Amino acid sequence: MADKGIEMKIPYLDLQLQYQSIKSEIDTAISKVLDNSSYVLGPSVQEFEKNYAEYCGVSYCTGVNNGTNALLLALKALDVGHGDEVITTANTFIATVAAVYHSGAKPVLVDVDPDSRNIDINLLSMALSNKTKAIIPVHLYGHIANMDPILELAKKYNIHVLEDAAQAQGAFYKNKRSGSIGEMAAFSFYPGKNLGAYGEAGAITTNDPKLDKIVRMLRDHGSQKKYHHELPGYNARMDGIQGAVLNVKLKYLDQWNKARNKVAGWYDEALKGLPIKLPSHINEEGEQVYHVYVIETDQRDKLQKYLLKNEIPTIIHYPIPVHLQDAFENLYYKKGEFPVTEKLADEILSLPIFPEMTQEQVEYVCEKIRDFFNGN
Ligand SMILES: *Cc1c(COP(=O)(O)O)cnc(C)c1O
């Protein structure tokens, strides 16, 4: 229990603390890149690709410059484009849908299951059409989507499956890591993700050598050999420094994910009995990871304000669902179309969580939440 009366300042996440814990290793790895001048791709990226493929249990990993481009390049490699439809959920970060849009295909959104907050399989099967070329299940908040029925549908109708694993580095689904379950997967290593670079970075994993070869060309202007361009490509290469940072941090990912799960367990325990919905444990013990810890309450806005007044910052992932964003007006979705997602947007709140968070800090946050509901 935190001592009553002692005021604490809780960060939402503390990247500095993590850097300090591995500073000498990181600084050495970055210096090496500077010493070789291998600023773009180069040995550190190659090494990370090899290590991350092995970590995920796949044959291939290609490092790119962010998670959004990882999704886009994977879609391109799967030959998704104009005239195609790609199904994903309304309850995701905008990048999932933006990548589909920029591939030329039409994003088809479906609502989520209220407990897992991931794609609803029944609604997914209802959204299939003869134009459906791919499905993007999003492992939101670090929890793997219900992949078996998705893979079954995909097989039956000959549809590609691309995991959006941006929030789920290291999570397991039935003994398979995220990134090894679908045909391809896209990762983001944005600094705040469970495995975060010190800048922008992303990756694509697959077991298919042909898809990997295309992705590798696409990230580098469509070429395998300098100034020979086989495909109209992009510039989506990973920086050498990011490869070096990720290589160091990958070694700690399991340990950090475990620490996050422990923090989530403390929250689960301390928030029991309050009028809030806690994250549900749909997967078996230890399989999911916590990118964020999301609670639900119909008093969300008041609670968020109350916590902020007590110097506890929280975030809403996400306050405006994709289908109600101005950017995607042209998809013609209306308010009311995805009631579960819309209710989540009104009621969810992500509490502070990071591997270094102490039980005392968690207790303090929970004490303030209890105070709020007790009208203090
Ligand atoms: C972070 C994120 C992305 C995009 O990754 P960037 O590296 O920021 O481009 C895509 N999808 C989801 C679900 C994410 O959380």
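Remember, it's a predicted structure, so these values are computed and weren't measured experimentally. (Residues numbered from 1 in each chain as written. Predicted model: local features only at pLDDT ≥ 70, side-chain atom pairs only at ≥ 80, totals over all residues. Heavy atoms only, no water.)

As for unusual backbone geometry
Look at the link from His317 to Tyr318: it is a cis peptide, with omega at 15 degrees. With respect to the secondary-structure elements, Tyr318 resides in the loop between α11 (300-309) and α12 (339-347). For Arg117, which is not glycine, the phi torsion reads 60 degrees and is therefore positive. With respect to the helices and strands, Arg117 occurs in the loop between β3 (106-110) and α6 (121-127). Even without glycine at this site, His221 takes up a positive phi of about 60 degrees. Take His221: it is sitting in the loop between α8 (209-219) and β10 (223-225). Overall, the relative accessible area of 36% leaves His221 in the partly exposed class. (Helix = DSSP H or I, 4+ residues; strand = E, 2+ residues; numbered from the N terminus. Buried < 20%, exposed > 50% of the residue type's maximum accessible area, 1.4 Å probe, protein only.)

Things to note about the site of the ligand
Among the 13 residues in the neighbourhood of the ligand, the closest are listed as Gly67, Thr68, Gln167, Ser188 and Lys193. Between the ligand and the protein, one listed contact pairs a nitrogen atom with a side-chain N or O atom of Asp164 at 2.8 Å. If the ligand stood free it would expose 380 Å²; the protein chains cover 93% of that surface. According to the grid-proximity analysis, the pocket containing the ligand is the largest pocket. Among the secondary structure elements, those contributing two or more residues to the shell around the ligand are α4 (67-77) and α5 (94-103). (Near = heavy atom within 4 Å. Polar contact = N/O pair within 3.5 Å; in protein donor to acceptor, adjacent residues only side chain to side chain. Areas by Shrake-Rupley, 256 points an atom, 1.4 Å probe, with all protein chains shown as cover. 1 Å grid on protein atoms, 1.4 Å probe; cavity = no way out; pocket = protein on both sides within 12 Å on 5 of 7 lines; lining within 4 Å. Sits in = over half its atoms within 2 Å of the grid points.)

So, the sheet that holds strand β9 (residues 202-206)
Taken together, seven strands build an open sheet; the order of strands is β1-β9-β8-β5-β4-β2-β3 and the sheet is mixed. What marks the edges here is a single partner per strand, and that holds for β1 (60-64) and β3. Geometrically, the sheet is characterised by an average inter-axis angle of 25 degrees between neighbouring strands, direction not taken into account. For strand β5 (residues 160-164) and strand β8 (residues 184-188), the ladder comprises three bridges, and the chain directions are parallel. Pairing of Asp164 across the sheet is with Ala186, part of β8. Packed onto the sheet, α5 meets β2 (85-89), β3 and β5 and runs at close to 150 degrees relative to β3. Set on the sheet, helix α7 (residues 147-157) makes contact with β4 (132-135) and β5; between it and β5 the angle comes to about 150 degrees. (Pairing = 2+ DSSP bridges. Axes fitted to C-alpha atoms, helices over the stretch in contact; angles between N-to-C directions. Contact = heavy atoms within 4.5 Å.)

Remarks on the domain arrangement of the protein
Taken domain by domain, the protein comprises domain 1 (19-250) and domain 2 (252-373). Counting residues at the interface gives 44 residues for domain 1, matched by 37 residues for domain 2. Counting the surface lost from both domain 1 and domain 2, the interface buries some 3500 Å², and carbon and sulfur atoms represent 56% of this. Taken as a group, Arg117, Tyr141 and Asn194 account for 21% of the area that domain 1 buries against domain 2, more than any other trio of residues on that side. (Domains from an automatic or database assignment. Buried area = accessible area lost by both parts, 1.4 Å probe.)

Re helix α13 (residues 359-373)
With 15 residues, α13 extends 21 Å between its outermost C-alpha atoms, agreeing within 8% with the 21 Å of an ideal straight helix rising 1.5 Å per residue. Buried-residue contacts for α13 involve α10 (253-271), α11 and β13 (348-351). Directly after α13, the chain includes Gly375, whose backbone phi takes a positive value near 75 degrees. (Expected span 1.5 Å × (residues − 1).)

Here's the deal with the pattern of salt bridges
The final tally for this structure, using the stated rule, is 15 salt bridges. Where Lys251 meets Glu25, a salt bridge forms, and the shortest distance between an N and an O atom there is 2.5 Å. Residue Lys251 is located in the loop between α9 (240-250) and α10, and its partner Glu25 is located in helix α2 (residues 23-36); the two are separated by 226 residues in the primary sequence. Given a relative accessible area of 56%, Lys251 falls into the exposed group. We classify Glu25 as partly exposed; its relative accessible area is 27%. Here Glu49 makes a salt bridge to Arg219, at a shortest N to O gap of 2.8 Å. (Salt bridge = Lys/Arg side-chain N within 4 Å of Asp/Glu carboxyl O.)

Remarks on the packing of α4 against α5
Contact pair α4 / α5: the axes reach a minimum separation of 9 Å and the direction vectors enclose 40 degrees. Comparing the axis directions of α4 and α5 gives the class oblique. Note that α4 runs across α5; the crossing there is right-handed. For the pair α4 and α5, contact is made by Thr68, Leu71, Leu72, Leu75 and Lys76 and by Ala95, Thr96, Ala99, Val100, His102 and Ser103, respectively. (Parallel < 35°, antiparallel > 145°, perpendicular 65-115°, else oblique. Left-handed = near helix turned anticlockwise from the far one by under 90°.)

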